[in-house]
Amino acid sequence: MVQNMNILNKKIRPISLFYLCFVMYTISNALTLTNFRNNESLFIYPIYLYIRVICAIILAIIIISNKQIRIKLIFLFPLIIFLGLSTYFSESWNLALLVLFAIASDGVDVKKIAKILIIIYGSILALTSLSARLGIIPSYPIKGDGGLVRDPMGFTHPNTFSSFVVVVCCAFAIIRFKKFNLLDLLVQSFGFFLCWSIAYSRTSSICIVFILVISMIFSLIKSKNIHKAIYTLMAFLFLIECIFSLYLMIHYTSSSPWMSNLNRLFSGRLELANYFYSNFGINPFGFDYSKIQIFYNGYTSFVVDNAFCHIILESGYIVAVIFYIMYFLAIIRARKNGLYSLNAYGLILYVPVAFCEMSAFLVCFNFALLSVFKLVGKSIQYSDDHVLKA
């Protein structure tokens, strides 16, 4: 027992366990978004449910075994209580696992996480697309605006396929932070091609263009004043997106020409958010949509792609508001302290994504969320540091 504790107390041990949990959670979650899940013999969804419990237990052990983190838990106690209640009432583990991963990320290398995600999502993109083409798994194309056929390439939806492409492009941009060259242009252009020409996802295509432009600015323009201005812009864009998203969720009406046109531009996302708000409202600790029958415009489950609306409808307004504030403060603190590093860079890359993709607030997609607590608590000290500190 003592020997095990000594091994556990060695820094490499918790980090190894952290990476193991992150890999297991990311792979299992990603596979539930492919049509491999239709093969009951693979037990994809049950395995995912078990893995998230295993990860929660291991991450809790990592946190408890670190005295420095354990002391700081006192300040997070109210948040932990709210998260527990939200997880209980909503049956959604997304925020709870995000917080556990973020708190347990002491010593984690952001570049290593980015490389892990490129391997995982790149491999699943290739495997799923090839399997769909070979007929091993089904793929259900849908018609978009103008009769365009949107191919999901074996994923549950064309937008899911494009969100995988976006996370690979984002992770690659983070690895290549301040090193933009022709290779970056080729990678981002290929990602744009996949989203625009195969999935016909306008929103994901726009997100990749944004990643490309921001990567060029940070690499080619060395002025810290420009970088500071970008962080300021992204912080307030996040705030505007949040307020605008919640306003549309509550007040959307198809009789308004501008709302209707905007809804069409975003593939019905505004209407969906309004439907769930109008029928189920928002609750302090969320709502479990899996326990009700949903039949709306061909949807049979809770589908709200706007990340701001999704989190408040599913997890409740208490933890949602706390999350909004922490994300905003993380960017503001990074700007104020000159921390234009990998830890904050990923947060600003996902700001425009949040308006159209829930993946922006999932730690297995937006891994920059690992640094939120560190940035808010000013625990990241160096502008070029990519290792998270407690």
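Keep in mind that this is a model prediction, so the values were computed, not measured.

1. Thoughts on the overall build of the protein chain
Okay, so step 1: For the protein chain, the count of helices and strands is 16 helices and two strands.
Okay, so step 2: Taking 2.2 N^0.38 as the reference for a compact globule, 390 residues should give roughly 21 Å; the C-alpha atoms of the protein chain span a radius of gyration of 20 Å, in line with that estimate.
Okay, so step 3: By its C-alpha atoms, the protein chain is 65 × 50 × 45 Å across when sized along the principal axes.
Okay, so step 4: Counting only residues that meet the buried cut, the protein chain has 54% of its 390 residues in that class.
Okay, so step 5: With an accessible surface of roughly 17,700 Å², the protein chain has 67% of that area assigned to carbon and sulfur atoms.

2. Digging into the pattern of salt bridges
Okay, so step 1: Scanning all chains against the criterion turns up five salt bridges.
Okay, so step 2: Note that Arg-133 and Asp-151 form a salt bridge whose closest N and O atoms lie 2.9 Å from each other. Pair noted here: Arg-133 is in helix α6 (residues 110–133) and Asp-151 is in the loop between β2 (149–150) and α7 (158–175), with a separation of 18 residues, a long-range link.
Okay, so step 3: Between Arg-176 and Asp-184 there is a salt bridge, with its nearest N and O atoms 3.1 Å apart.
Okay, so step 4: Exposure remark for Asp-184: the relative accessible area of 3% places this residue in the buried category.
Okay, so step 5: Through salt bridges that share partners, Arg-269, Asp-305 and Glu-357 make up one connected network.

3. Concerning unusual backbone geometry
Okay, so step 1: Even without glycine at this site, Glu-91 takes up a positive phi of about 65 degrees.
Okay, so step 2: Residue placement: Glu-91 occurs in the loop between α4 (67–90) and α5 (94–103).

4. Looking at helix α15 (residues 342–349)
Okay, so step 1: Burial runs high along α15: eight of the eight residues are buried.
Okay, so step 2: Listing the buried residues of α15 in full gives Leu-342, Asn-343, Ala-344, Tyr-345, Gly-346, Leu-347, Ile-348 and Leu-349.
Okay, so step 3: Packed against the buried residues of α15 are α6, α7, α9 (202–220), α10 (224–251), α14 (317–336) and α16 (372–376).

5. So, the nonpolar core
Okay, so step 1: Core analysis: the biggest nonpolar cluster contains 128 residues, and Phe-18, Phe-101, Tyr-324, Tyr-327 and Phe-361 have the highest contact counts within it.
Okay, so step 2: Ranked by the residues each element gives to this core, the list is headed by α7, at 12 residues.
Okay, so step 3: Once residues within four sequence positions are removed from consideration, Phe-361 is found in contact with Leu-98, Phe-238, Ala-307, Phe-308, Ile-311, Phe-323, Tyr-324, Tyr-327, Ala-354 and Leu-369.

6. Quick word on the packing of aromatic side chains
Okay, so step 1: According to the stated counting rule, one finds 42 aromatic pairs in the structure shown.
Okay, so step 2: Geometrically, the ring pair formed by Phe-244 and Trp-258 is stacked, given 6.2 Å between the ring centres and 15 degrees between the ring planes. Of this pair, Phe-244 sits in helix α10 while Trp-258 sits in helix α11 (residues 257–265), placing them 14 residues apart in sequence.

7. Here's the deal with the packing of α4 against α5
Okay, so step 1: Direction vectors running N to C along α4 and α5 enclose 170 degrees, while the axes themselves pass 10 Å from each other. It follows that α4 is roughly antiparallel to α5 by the angle criterion. Across from Ile-69, Leu-73, Leu-76, Leu-83 and Thr-87 in α4, the residues of α5 making contact are Leu-95, Ala-96, Val-99 and Ile-103.
Okay, so step 2: In terms of residue class, the contact of α4 with α5 is made up of eight nonpolar, one polar and no charged.

8. Notes on the environment of Tyr-48
Okay, so step 1: Here Tyr-48 is to be found in helix α3 (residues 44–65).
Okay, so step 2: Residue class for Tyr-48 comes out buried when judged on its relative accessible area of 7%.
Okay, so step 3: The sequence separation of Tyr-48 and Thr-26 amounts to 22 residues, and the corresponding C-alpha distance is 9.5 Å.
Okay, so step 4: Discounting chain neighbours no more than four positions away, the residues touching Tyr-48 are Tyr-25, Ser-28, Asn-29, Thr-32 and Asn-94.

9. Here we look at the environment of Val-363
Okay, so step 1: Following the sequence through the fold, Val-363 ends up in the loop between α15 and α16.
Okay, so step 2: Note: C-alpha distance between Val-363 and Leu-182 (181 residues apart in sequence) is 29 Å.
Okay, so step 3: The contact partners of Val-363, leaving out residues within four places of it in the chain, are Phe-22, Tyr-25, Leu-98, Phe-101, Leu-369 and Leu-370.

10. Structural notes on the packing of α3 against α5
Okay, so step 1: Where α3 contacts α5, the two axes come as close as 9 Å, and the packing angle between them is 35 degrees. Judged by the twist between their axes, the crossing of α3 over α5 is left-handed. On α5, the residues that touch Tyr-48, Arg-52, Cys-55, Ala-56, Leu-59 and Ile-63 of α3 are Asn-94, Leu-97, Leu-100, Phe-101 and Ile-103.

11. As for helix α12 (residues 269–280)
Okay, so step 1: Its 12 residues place the ends of α12 17 Å apart at the C-alpha level, agreeing with the 16 Å of an ideal helix rising 1.5 Å per residue.
Okay, so step 2: Those residues of α12 that fall on the buried side of the exposure criterion are Arg-269, Leu-270, Leu-272, Ala-273, Asn-274, Tyr-275 and Phe-276.
Okay, so step 3: The elements touched by buried residues of α12 are α7, α9, α10, α11 and α13 (307–315).
Okay, so step 4: Phi turns positive one or two residues past the end of α12, at Gly-281, with a value near 65 degrees.

12. Quick word on the confidence of the model for the protein chain
Okay, so step 1: Per-residue confidence for the protein chain averages 88 on the pLDDT scale, and 92% of its residues sit at or above 70.
Okay, so step 2: Mean pLDDT values for the elements of the protein chain range from 43 in helix α1 (residues 2–9) up to 96 in α13.
Okay, so step 3: Segment residues 7–11 is flagged for pLDDT under 50; beyond a separation of four residues in sequence, or across chains, it makes eight contacts in the model.
Okay, so step 4: Contacts from residues 380–384, a stretch scored under 50 in pLDDT, to residues over four places away or in other chains number 15 contacts.

Conventions we followed
- Residues numbered from 1 in each chain as written.
- Predicted model: local features only at pLDDT ≥ 70, side-chain atom pairs only at ≥ 80, totals over all residues.
- Heavy atoms only, no water.
- Helix = DSSP H or I, 4+ residues; strand = E, 2+ residues; numbered from the N terminus.
- Rg over C-alpha atoms; globule rule 2.2 N^0.38 Å.
- Buried < 20%, exposed > 50% of the residue type's maximum accessible area, 1.4 Å probe, protein only.
- Areas by Shrake-Rupley, 256 points an atom, 1.4 Å probe, with all protein chains shown as cover.
- Salt bridge = Lys/Arg side-chain N within 4 Å of Asp/Glu carboxyl O.
- Contact = heavy atoms within 4.5 Å.
- Core = buried A, V, L, I, M, F, W, Y, C linked by side-chain atoms within 4.5 Å.
- Phe/Tyr/Trp six-rings, centres within 6.5 Å; stacked < 30°, edge-to-face > 60°.
- Axes fitted to C-alpha atoms, helices over the stretch in contact; angles between N-to-C directions.
- Parallel < 35°, antiparallel > 145°, perpendicular 65-115°, else oblique.
- Nonpolar A, V, L, I, M, F, W, Y, C, P; charged D, E, K, R; others polar.
- Left-handed = near helix turned anticlockwise from the far one by under 90°.
- Expected span 1.5 Å × (residues − 1).
- pLDDT = per-residue confidence, 0-100.

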